[in-house]
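Chain residues, written in single-letter form:
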2 protein chains.
Amino acid sequence: MATLKEIAEMANVSLGTVDRVIHNRGRVAAETAARVRRIVEQVNYRPNILARSLSSAKTFHFGILVPFPEQDGNYWYLPRQGIDRAAEELQVYKVEIEYFPYDKYDENSFAAAAQQVLKNIHQIDGLLIAPVLSKAAEKFITQLPKRLAYIFLDSYIPRSHCLSYIGEDSFQSGLLAAKLMSLLTHDGKSAVIKAIPFNYHIEDRVRGYLSYFESKPSAKVFVFEASSQDSCSFQNAAAQILEHHPDIKGIFCSNACSFQVAKAVYASRRRIALVGYDLVKENIEWLEKGVIDFLISQRSEIQGYNALYRLYRAVALKEKIEPALYVPLDIVTKENLRYYQN
Amino acid sequence: MATLKEIAEMANVSLGTVDRVIHNRGRVAAETAARVRRIVEQVNYRPNILARSLSSAKTFHFGILVPFPEQDGNYWYLPRQGIDRAAEELQVYKVEIEYFPYDKYDENSFAAAAQQVLKNIHQIDGLLIAPVLSKAAEKFITQLPKRLAYIFLDSYIPRSHCLSYIGEDSFQSGLLAAKLMSLLTHDGKSAVIKAIPFNYHIEDRVRGYLSYFESKPSAKVFVFEASSQDSCSFQNAAAQILEHHPDIKGIFCSNACSFQVAKAVYASRRRIALVGYDLVKENIEWLEKGVIDFLISQRSEIQGYNALYRLYRAVALKEKIEPALYVPLDIVTKENLRYYQN
DNA sequence: AAGAATTGCGTGAACGATAACGCATAAGTA
DNA sequence: TACTTATGCGTTATCGTTCACGCAATTCTT
C-alpha cells in the first residue's frame, strides 16, 4: 500500500503538498494538484487509519438520542449495550459518545433532549437518533446544521438527509410472525395485541401479520390494543382475550411486552401459541418456561453496535455507507435461545 | 490512558526501560523492573494498538487449514468468505494469511497440506484448523511446536491445546431441526438423511434429532444414509425414500446437500416438509421456491470471520480468548432469508 | 591486572499521517 | 516605490510504540 511519502516522491513534491491536495486545504498550484491527484488515483491510495488516528488531534463526539432504556419493557437496554460496546472499541480511535435520552411518550422530553444537543451542537460531529417520536424528531432534524451527519436507528423518517437507517423491516417481521403462528396453530384463530400509542413499526408488523393470513381465510385474526406505557395493559388485554375467546389458538404480541402476555396465558392454564418480540430478560424467562413459543429478535444489540460504527466510518473515515441496513429477523425458540444471549 | 512515556516519567526511568520491562527483554535491574511493573499495574496500562502495529516491523502470518471450498455442497466457501473479510480488515495490522486447503475425504491430502505447513512452520505465527479429518488432524497437532497457537473451526479435537473452538453445538442443532420438523409435520413420520462417511458433527445432529422425537413415540423417524462425496447420492437417497414411504411427511437433511434432496422432493410433486442446513447458493434457491421449508444456518461466514479475528487477538494482542464460541443456530425461512444474505 | 563479556539504562530513528510553521516568490495596494 | 497580502511549497514536531544501537559501569576471564 502506497504511503504519502511514496506518492510525494513520485510526484516530485513534498509530503506536505500531497497532504494538502488530498485534504483540499488549498495552497497548491492547479497543475501540481492535478499531477498529485493522478498519482493518488493510480496507486489507489488509502490512508492508513492507524497513522491517522494516532497523529490526528481530533476527537470525535457523537450524540446518542434514544429513549430511556427501561421503556418498551426494557427494550432500549439492548441497543444501548451495542452502542456501548462499539464506543469502547472506538476509544482508541478517539471517539467519545454522549447520551441524550428521552421519554418516548413525551414530546416535551424529546424536545428537551434535542435542546441539549442543539446547545452543544458545534462540538458534536454526528448523531445517532432513534426517531421514535417521529413528529418531534422531524422538526428537530430541520434545526440541525446541514453539515451534521446523523444516522437513524430503529425507526425512520422519510425525506430526511440521514446517512443511513439501521433497523428491521417491520412488515416482513410481522409476516414472519404470522408464518410461525400458522405453523403453531395449524391456521387456527389468533389474536394480535397491537401496542398503542401509534408507532410506525408496530402498525407495520401488524399489517404484515394480517397480510399473511389474508390468503388463508380459514385462519381468523382479531386485533386488540394495549398501551405500552402501562406495564399491566398487555396482561389485561391478554386475559380479556382468553376469557372471551375460548376457541383462540394463538396470540401475537407486537412488541417486547410479550412477557406480560405470557403471564396471562400461564395463568389461564391453557395451551396457547405465543409469538412475541425481542430478547429482553423477562421474555427470555418465559421462552425458557415454554410459555412463549417464538421470539423474533431484531438483533437490537447489533443494531446499536453497527449504527455507531457506521457513524464513525462515515464521519471519521469519510467512507460512503449504505443508506439502509435491514438487520436479520432471528427466530428464537427454546432450542436455540442460549446462543443468542450475548 | 497512560502512555509509556508517562510511566517512564513516573518511574524516573527512560521510555526504553519501561518498554524492556513490559516485553521482558531483560537488561533491567530487578529493583527498577519491580518499580516499573508496579506503576504499570497501578495506571492499568494498555498499549495503544494503533501505535504498536504502526511501529512494529512484525508481520503476522497465519495458516488456514480448511477443506476445499467446493466440498460438502460448496459449504466451505462460506467460512472462507468470512476469513477473507477478516483478513482484509486486518491488513492494516500487518496480518497475512495463507490457505493450505485439503480434500476432506482424503487423509493423504490432509497430510500433504500439513506437510506444507510444517515445512514453513518457523514463519507461521498461528493456525486456523478445521479438523474435519479428526485422526489426521490429531496427529498433526502433536507435531506442532508447543509455542504455536491454533484455533479450531467447525470441528473439535478433545484434549488438544487449542486456544479456542468456534462452531456450532451440533446436538442442539439437530434438536432444533426436529422441533421445526415436528411443527411442520404435526409429529408425522419423517426421514433423516445422514451424510457419510463418518463425521462427528453429522452424527451429533442426527442424535439430537432423534432424541427430540424420543419423547414423542407417535412420530416415527427413519434414518438413511447418503455419501457427501457423490453429489447425486442425496438426491437418489431422497428419491428412494419418497418411493418406498408414501406416508412420509418430512425429510431432514443433515448437511448442506439439502438442495439435492429438494430436487427429489420437487420431482415427486408431493408436499413434503424439508429441513436442511446452511445457506449455500443452491439451498437458498430451493428455500425461495418453497421446496425447502427451513434451513438451519450456523453463521458459517461469521465463524470464519471470528475465528481469524480471535487468532489475531490471541497472538498479536496477547489477549486471553474464550475457549469456545458456539455460534447461534439461525432458523432461516423464505420470510426472513433476504436479511441473512451477506 | 588487562581485556572481554555482561548488565543497566538512555537515545533516537522508524512507522504513516496530521497540521502548524516558515520562507520564498508573486500579486495587490497605498 | 514600499508595503501588505496571497500563493506555492518544503520542513518539522507530534501521536505511542518498537527496536536497534551505544555507552558507561560492573562482573567475569585467563
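Conventions we followed
Position numbers for residues start from 1 in each chain and track the written sequence from start to end. To label them, take the chains in the order written and letter them from A, then take the ligands in the order written and number them from 1. Whole-chain, interface and lining totals are the exception, using all residues; otherwise, since this is a predicted model, local features are given only for residues with pLDDT of at least 70 and side-chain atom pairs are given and counted only at 80 or more. For the side-chain quantities, the full set of heavy atoms in the structure was used; hydrogens and water were omitted. A contact between two residues is defined here by any heavy atoms of the two lying within 4.5 Å. Take the accessible area each of two parts loses on contact, using a 1.4 Å probe, and add the two losses: that sum is the buried area. Salt bridge, as applied in this entry: a Lys or Arg side-chain nitrogen positioned within 4 Å of an Asp or Glu carboxyl oxygen. Polar contacts here mean pairs of N or O atoms no more than 3.5 Å apart (in protein, one a potential hydrogen donor and the other a potential acceptor; neighbouring residues in sequence count only if both atoms are side-chain atoms). A run of H or I in DSSP counts as a helix once it spans at least four residues, and a run of E counts as a strand once it spans at least two, with each numbered from the N terminus. In this classification, Asp, Glu, Lys and Arg are treated as charged, Ala, Val, Leu, Ile, Met, Phe, Trp, Tyr, Cys and Pro as nonpolar, and every other residue, Gly included, as polar. Pairing between two strands is assigned when DSSP locates at least 2 bridges connecting them. For helices, the axis comes from a line fit to the C-alpha atoms of the stretch in contact; other axes are also lines fit to C-alpha atoms, and the angle between any two N-to-C directions lies between 0 and 180 degrees. Residues below a pLDDT of 70 in either copy are left out; the C-alpha atoms of the rest, at least 70 in both, set the least-squares superposition of the copies. The near set for a molecule or strand comprises every residue that places at least one heavy atom within 4 Å of it. Angle categories: roughly parallel below 35 degrees, roughly antiparallel above 145, roughly perpendicular from 65 to 115, and oblique for all the rest. Each crossing gets its hand from how the near helix is turned against the far one by less than a right angle, where anticlockwise is left-handed and clockwise is right-handed. Think of a nonpolar core as a cluster: buried Ala, Val, Leu, Ile, Met, Phe, Trp, Tyr and Cys residues, connected wherever their side-chain atoms sit within 4.5 Å. The buried label goes to any residue with under 20% of its type's maximum accessible area, the exposed label to any with over 50%, and the partly exposed label to all in between, with areas taken from a 1.4 Å probe on protein chains only.

A. Here's a closer look at the interface of chain B and chain A. Taken residue by residue, the interface counts 30 residues in chain B and 30 residues in chain A. Summed over both sides, the interface of chain B with chain A buries roughly 2900 Å², with 65% coming from carbon and sulfur. Here chain B is connected to chain A by four salt bridges. Among the salt bridges present, the one from Asp330(A) reaches Arg299(B), with a minimum N-O distance of 3.7 Å. At the junction of chain B and chain A, the tally comes to 18 residue pairs in polar contact (both at pLDDT 80 or more). Of all the secondary-structure elements, those providing two or more residues to the side of chain B that touches chain A are helix H4 (49–55), helix H9 (170–185) and strand E12 (330–332) of chain B. Looking at which element gives the most residues to the side of chain B that touches chain A, the answer is H9(B), with six residues. Here the side of chain B that touches chain A is built from residues that sort into 18 nonpolar, six polar and six charged.

B. Expanded view of the sheet that holds strand E9 (residues 273–277) of chain A. Residues and elements named next belong to chain A. Sheet architecture is open: six strands sit in the order E7-E6-E8-E9-E10-E12, paired in mixed fashion. In this open sheet, the two strands that pair with only one neighbour each are strand E7 (221–227) and strand E12 (330–332). Adjacent strand axes in the sheet meet at a mean angle of 20°, parallel and antiparallel pairs treated alike. Both strand E10 (residues 294–297) and E12 contribute to a ladder of three bridges, which runs antiparallel. The partner of Ile296 across the bridge, within E12, is Ile331. Sitting on the sheet, helix H10 (residues 200–214) is in contact with strand E6 (190–196), E7, strand E8 (250–253) and E9, with an inclination near 165° to E6.

C. Just the relation of the copies chain B and chain A, in detail. Of the transformation placing chain B onto chain A, the axial shift is 0.2 Å and the rotation is 180°, giving an RMSD of 0.2 Å. Those values place the two copies in the arrangement expected of a two-fold rotation axis. Within chain B, Leu50(B) has its C-alpha nearest the rotation axis, a separation of 2.5 Å. When the interface residues of chain B are mapped onto chain A, 100% of them are again interface residues, pointing to one common binding face.

D. Seen up close, the protein's contact with DNA strand D. Within the structure, DNA strand D sits among 26 residues, and Ser14(A), Arg20(A), Arg27(A), Arg52(B) and Ser55(B) are positioned closest to it. Those atoms of DNA strand D that come within 4 Å of the protein belong to sugar or phosphate at a rate of 59%. Sorting the residues of the surface near DNA strand D by element identifies helix H2 (15–22) and helix H4 (49–55) of chain A together with helix H2 (15–22) and H4 of chain B as the ones contributing at least two each. By residue class, the composition of the surface near DNA strand D is nine nonpolar, 11 polar and six charged.

E. Here's a closer look at the packing of helix H6 (residues 77–89) of chain B against helix H14 (residues 300–315) of chain B. Residues and elements named next belong to chain B. Taken N-terminus to C-terminus, the directions of H6 and H14 make an angle of 40°; their axes are 6 Å apart at the nearest point. Comparing their axes, H14 and H6 come out oblique. When the axes of H6 and H14 are compared, the crossing they make is right-handed. Contact residues: Leu78, Pro79, Gln81, Gly82, Ile83, Arg85, Ala86, Ala87 and Glu89 in H6; Ser300, Glu301, Ile302, Gly304, Tyr305, Leu308 and Tyr309 in H14. Per-class residue counts for the contact of H6 with H14 are nine nonpolar, four polar and three charged.

F. Representation of the nonpolar core in the model. Within the largest apolar cluster, 225 residues are counted, with the highest numbers of intra-cluster contacts made by Phe140(A), Ile251(A) and Phe140(B). When sequence neighbours within four positions are dropped, the list of residues in contact with Phe140(B) reads Leu65(B), Phe110(B), Ala114(B), Val117(B), Leu118(B), Leu127(B) and Ile129(B).

G. Representation of the protein's contact with DNA strand C. DNA strand C sits among 24 residues. The nearest are Leu4(A), Arg52(A), Ser14(B), Arg20(B) and Ala29(B). Looking at DNA strand C alone, sugar and phosphate atoms form 56% of those within 4 Å of the protein. His23(A) has a polar side-chain atom sitting 3.3 Å from a phosphate oxygen of DNA strand C. In the surface near DNA strand C, the residues fall into nine nonpolar, nine polar and six charged.

H. Summary view of the packing of H2(A) against helix H3 (residues 30–42) of chain A. Residues and elements named next belong to chain A. For the pair H2 and H3, the least separation of the axes is 10 Å and the interaxial angle reads 85°. Comparing the axis directions of H2 and H3 gives the class roughly perpendicular. Contacts between H2 and H3 involve Thr17, Val18, Val21 and Ile22 from the former and Thr32, Ala33, Val36, Arg37 and Val40 from the latter. Its residues placed into classes, the contact of H2 with H3 shows six nonpolar, two polar and one charged.

I. Layout of the pattern of salt bridges. Counted according to the given criterion, the structure contains 28 salt bridges over all chains. Close ionic contact of Glu203(A) with Lys194(A) constitutes a salt bridge, the shortest N to O distance being 3.4 Å. Judged by its relative accessible area of 15%, Lys194(A) falls in the buried class. The partner of Asp187(B) in a salt bridge is Lys216(B), and the shortest N-O contact between them spans 3.5 Å. One end of the pair, Asp187(B), is in the loop between H9 and strand E6 (190–196); the other, Lys216(B), is in the loop between helix H10 (200–214) and strand E7 (221–227), and 29 residues separate them in sequence. Each of Arg299(A), Asp330(A), Arg299(B) and Asp330(B) takes part in one network of salt bridges that share partners.

So far we have only geometry, and geometry alone does not tell us how the molecule works.
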